[in-house]
Structures are given as C-alpha cells and as structure tokens.
Amino acid sequence: MRCVGFFITFEGVEGCGKTTQIKLLAEHLTAHGIGTVLTREPGGCDIADKIRAILLDAENRALSPLAELMLYAAARAQHVTEVISPALEAGKIVLCDRFCDATVAYQSFGRGIDRRVISDLNFHACQGVSPDLTVLVDCDPVVGLERAHRRIEATSGPREERFELEELAFHRRVRSGYLHLATEEPFRFLIINGTETIEEIFVAISTQVVARIPEALHAVC
Ligand code: TMP
C-alpha cells in the first residue's frame, strides 16, 4: 500500500491533555481547508468501539495482560482497515488519539510484556501504516491523574477508568516508556510540555505540526 496522506498520532499519560489538543488541531486544520480525519484508539469504528468498551470497563479487572494486548491489537487491525488506511490513501491528514506507541508504553513498560511480542503484533495490526509524526504531550502522572479523575467524575456516560485505577508506579513506567520511545526516534516525536495552559500548548503544537505537514497537503483534499 502506498500512503499519500500524513499520519499524526497523539500520545501521553492519562489526563495529559492530548484529547483536548488533538480536537483543537483538527478544527484548526479543517478551518484552513486541509482535509483532516480525527479518530482515536482504542476505537474509531463500530467494532473497535465495542472492543474499547471491554478494555476500559473498570469491572474487567481480571483481564489478563496478554488478553488485553490482543484486544488492543484486534481493535487496531479493524481500525486501520476501516478508517486509517482508506483516509491516508485518499490523501487526508489523519489525526489519531493514541496508536501503536501506546501499546509499547502501556503493555510493555507498564505491564512488563516482552517488547518483541508487542512489535510483532503491532507489525501485523498496523498493516504497513506508521505515524509520520507523533506529538507526545508529556506531564507528571500525578498532575494527569488528578485531571483524569475530575473528568471521570464529571462524565455521565460509562466510567472508562480501568487504567486510571492502576497504581501511580504503573503510570510512571508508562511515562518513562513514552520518553524512552521519543529518544529512540527523535525525528518522529515532538515532545510538548503538558503542564502549560491549553492556549500555550495549542500554539506550540499547531505551529510545529503545521510546519511538518508536507506542502502538497496544504492545498489538496
Ligand atoms: P484514552 O483514555 O486516551 O482514550 O485511552 C484509553 C486507554 O487505553 C488509556 O488508559 C491508555 C490505554 N491504551 C493501552 O493501554 N494500550 C493501547 O495500545 C492503547 C491505544 C491505549
């Protein structure tokens, strides 16, 4: 498959602010006439959304790390097939709230599963698609978890809090996993300080992301 679009993923610990920022960026790009698809993982299409509900339901605490990993991979395979690949082939900018790096950070650094197992599964689930740019919204998990708990308390829908209930040490491992990944691929990762204001973070992200989007995609779509 030859992708002609541009694939941007957003990553970070719980409550880092990435979901707010990815929405702002999608609005910004759309307002500038750039064809943009905003999606998320786990989820992004009907079948993957059903898998998401299993993965994030706090009642499923007995889910084994390996079963959890495979559910993320299954959701990703469906999402790539149904949403991400077609959008990239149509020349869109795809903005995805979490992708394969989350599996390395959470299931390998967090849960301790061998990274080679995760790489193999990611290889198959991603079907040749890989992020061109990854925005890592970095913040201390203490700050992020406080925000995440406030958001969960204010939400009337299902309580998607299986990970928020993990101990602080788990979230610290996830954060260091992300920072480690960023050192492995410094050209793909853009690290943004998630403790600044929403406006300051948005200016930093939009300026740097727009500069990285290929010129050809500014006018098409
Ligand atoms: P969200 O809270 O950003 O919507 O993400 C859902 C949760 O799923 C979050 O706690 C991180 C976790 N996650 C993984 O553990 N592995 C993955 O591969 C992905 C995509 C998310």
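Residues numbered from 1 in each chain as written. Predicted model: local features only at pLDDT ≥ 70, side-chain atom pairs only at ≥ 80, totals over all residues. Heavy atoms only, no water.

S.K.: Please explain the sheet that holds strand β4 (residues 133-138) as it appears in this structure.
M.R.: What links the strands of a sheet is backbone hydrogen bonding, and the strands pair in either a parallel or an antiparallel sense. With parallel pairing, five strands are arranged side by side in an open sheet as β2-β3-β1-β4-β5. One side of each edge strand has no neighbouring strand; the edge strands of this open sheet are β2 (36-40) and β5 (189-193). On average, each strand axis in the sheet is tilted by 20° relative to the strand beside it, whichever way the strands run. Of the pairings in the sheet, the one linking β4 to β5 comprises five bridges and is parallel in character. Looking at β5, one finds that V137 is bridged to I192. In the packing of helix α1 (residues 18-31) onto the sheet, the strands contacted are β1 (6-11), β2, β3 (93-97) and β4, and the crossing angle to β3 comes to about 165°. (Pairing = 2+ DSSP bridges. Helix = DSSP H or I, 4+ residues; strand = E, 2+ residues; numbered from the N terminus. Axes fitted to C-alpha atoms, helices over the stretch in contact; angles between N-to-C directions. Contact = heavy atoms within 4.5 Å.)

S.K.: Looking at this structure, I do not really get the site of the ligand. What am I missing?
M.R.: Taken together, the neighbourhood of the ligand is formed by 14 residues, with E14, K18, Y72, R98 and T103 sitting nearest. Bound to the protein, the ligand loses 93% of the 480 Å² it would expose on its own. With four residues, the top contributor of residues to the shell around the ligand is helix α4 (residues 100-110). Its residues assigned to classes, the shell around the ligand shows six nonpolar, two polar and six charged. (Near = heavy atom within 4 Å. Areas by Shrake-Rupley, 256 points an atom, 1.4 Å probe, with all protein chains shown as cover. Nonpolar A, V, L, I, M, F, W, Y, C, P; charged D, E, K, R; others polar.)

S.K.: It is not clear to me how the pattern of salt bridges should be interpreted in this structure. Could you clarify?
M.R.: Close approach of charged atoms allows side chains of opposite charge to pair. Under the counting rule described, the total for this entry stands at 18 salt bridges. Here D49 ties to R40 by a salt bridge, and the two come within 3.8 Å at their closest N and O atoms. For D49, a relative accessible area of 31% translates into the label partly exposed. With a relative accessible area of 36%, R40 lands in the partly exposed category. Residue R188 is joined to E185 by a salt bridge in which the shortest nitrogen-to-oxygen separation is 2.9 Å. For R188, a relative accessible area of 10% puts it in the buried group. Here the salt bridges do not stand alone but share partners, grouping E68, R111, R162 and E166 into one network. (Salt bridge = Lys/Arg side-chain N within 4 Å of Asp/Glu carboxyl O. Buried < 20%, exposed > 50% of the residue type's maximum accessible area, 1.4 Å probe, protein only.)

S.K.: Just checking my understanding: could you explain the environment of D140 for this structure?
M.R.: Among the structural elements, D140 can be located in the loop between β4 and α6 (141-154). For the pair formed by D140 and V13, sequence separation is 127 residues and the distance between their alpha carbons is 8.1 Å. Ignoring sequence-local partners within four residues, the contact set of D140 consists of R172 and R175. At 2.9 Å, the side chain of D140 forms a polar contact with the backbone nitrogen of V142. (Polar contact = N/O pair within 3.5 Å; in protein donor to acceptor, adjacent residues only side chain to side chain.)

S.K.: Just checking my understanding: could you explain the packing of helix α3 (residues 65-89) against α4 for this structure?
M.R.: When two helices pack together, their arrangement is given by the angle between the helix axes and by the axis-to-axis distance. Closest axis-to-axis distance for the α3/α4 pair is 11 Å, and the angle between their directions is 175°. Accordingly, the angle class assigned to the pair α3 and α4 is roughly antiparallel. Here E68, L69, Y72 and R76 of α3 come into contact with α4, specifically with C100, T103 and Q107. For the contact of α3 with α4, the residue count by class is three nonpolar, two polar and two charged. (Parallel < 35°, antiparallel > 145°, perpendicular 65-115°, else oblique.)

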